[in-house]
Amino acid sequence: MGYERPNVSKMDGYTPGEQPNSLDVVKLNTNENPYPPAAPIMEALQKVTAESLRRYPPPNSKGFREAAAKFHDVDPAQIILTNGGDELLRLLITTFVEPGALVGMADPSYSLYPVLSAIQDAKTLEVPLNDDWTMPPNFAETMNAAGVNLTFVVNPHAPSGRLMPVAELEKLAQDLKGVLCIDEAYVNFVEPALGHSTVELVKKYDNVVILRSFSKGYSLAGLRCGYGIGSLNLVEPMQDKTKDSYNMNYVSQVVSTAALVHWEESAKTWEKVIQERARVTKELEALGWEVIPSSSNFVLATVPASFNGGAANVYAELKAQEILVRYFAKIERLQDKLRCTIGTPDENSKFLDALKKMK
């Protein structure tokens, strides 16, 4: 006899990227920062005492919220610290989406969105992106017509890496009748010269929540820490009603605060990734691959069928050489593509050298 709720019984769970135990593997498949956390972050971790672990942590992450508010020039009440950005996604769905209702998103997008929606017994409305990975002009109109109360837009986009300009996001915020979550898990890798910032949208519109992550830009994927920035009418119900009690452990609060306060140290790694992204893009294009311009710490590239039999074969041959990239076998639009995380210069060279030997 099964005891699951019917919607849980029918759904599929999230499939994460491979996490090999060996440190010898060139791991370019899960978009981690290839560099270690900055020194001030590790110093904060080392200062954690046994007594601080004996006690319950601050229930509302007051210290972090104050630091993040200062960083973004908002009120602390507009900040919520979560157990990874994924907890914020779950809280948004739990708080603002009725069971049976629709959650909106582009197609393709972050594959966890439909999973979290299914747990809530909500359905998804997935609007295909244009061939050039831009948002179709009727996106907001489609969401509104279907009565969608929560729409996710990951920007820079995953898995393409394309950056949606702030002006387009603002138009979405204006047009959507429901909540707009701008998922900025990869925003630290946008070219600084672009001056890309969406925080002003939170100040202008009461339906916008921005998701930020420490997993990518701050080299803290193992910590599981993210946060949201939003208007009070969106953050308060999550903070005061629907989040778990003591949702953030003491170590996460201390380390994430240190990361944000000393962000300039982590920014040095962002610049390295941006430089290597340009090199990897150029060399893949020299091999005849088509690379989508990326503002993330990865590139999505189309592998010609004539290149070693195409994407699936290249993925398998790289894996046999202990070089992991991401292949989305179940998504038709991505079956001729590989998503490649930007690693260290040495890791990227091993990856590129392996490809050159296949050609």
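Structure: see above.
Residues numbered from 1 in each chain as written. Predicted model: local features only at pLDDT ≥ 70, side-chain atom pairs only at ≥ 80, totals over all residues. Heavy atoms only, no water.

Draft legend 1. The arrangement of the sheet that holds strand β6 (residues 179-183) in detail. Ordered by their spatial adjacency, seven strands build an open sheet running β2-β8-β7-β6-β5-β3-β4, and the pairing between neighbours is mixed. The sheet is open, and its two edges are formed by β2 (79-82) and β4 (123-128), each paired on a single side. Along the sheet, successive strands turn relative to each other by an average axial angle of 20 degrees, direction set aside. Pairing of strand β3 (residues 102-107) with β4, which is carried by six bridges, proceeds in the parallel orientation. Its bridge partner lying in β4, G104 is registered against L125. The strands touched by helix α5 (residues 84-96) are β2, β5 (150-154), β6, β7 (208-213) and β8 (226-230); relative to β2, the strand with the most contacts, the crossing angle is about 120 degrees. (Pairing = 2+ DSSP bridges. Helix = DSSP H or I, 4+ residues; strand = E, 2+ residues; numbered from the N terminus. Axes fitted to C-alpha atoms, helices over the stretch in contact; angles between N-to-C directions. Contact = heavy atoms within 4.5 Å.)

Draft legend 2. Broad picture of the nonpolar core. Counting 79 residues, the largest nonpolar core has L284, W289, L338, F351 and L355 as the members making the most contacts within it. Excluding residues within four positions of it along the chain, W289 makes contact with L284, A301, T302, V303, P304, F307, V314, L338 and L355. Counting residues in hydrophobic clusters, the runner-up holds 31 residues, among them M105, Y113, L150 and Y186. (Core = buried A, V, L, I, M, F, W, Y, C linked by side-chain atoms within 4.5 Å. Buried < 20%, exposed > 50% of the residue type's maximum accessible area, 1.4 Å probe, protein only.)

Draft legend 3. Just the state of the cysteines, in detail. Scanning the model with the defined rule gives zero disulfides in all. The thiol of C225 is not disulfide-bonded; the next cysteine sulfur, from C181, is found 16 Å away. (Disulfide = S-S within 2.5 Å.)

Draft legend 4. Structural detail: the pattern of salt bridges. Scanning all chains against the criterion turns up 17 salt bridges. A salt bridge links E276 to R279; the shortest N-O distance between them is 2.9 Å. You can see E276 and its partner R279 sitting in helix α12 (residues 263-286), three residues apart, about one turn around the helix. Given the relative accessible area of 10%, E276 is considered buried. Residue R279 is classed as partly exposed on the basis of its relative accessible area of 24%. E283 is paired through a salt bridge with K356; the nearest N and O atoms lie 2.8 Å apart. (Salt bridge = Lys/Arg side-chain N within 4 Å of Asp/Glu carboxyl O.)

These results come straight from atomic positions and should not be treated as a statement about function.
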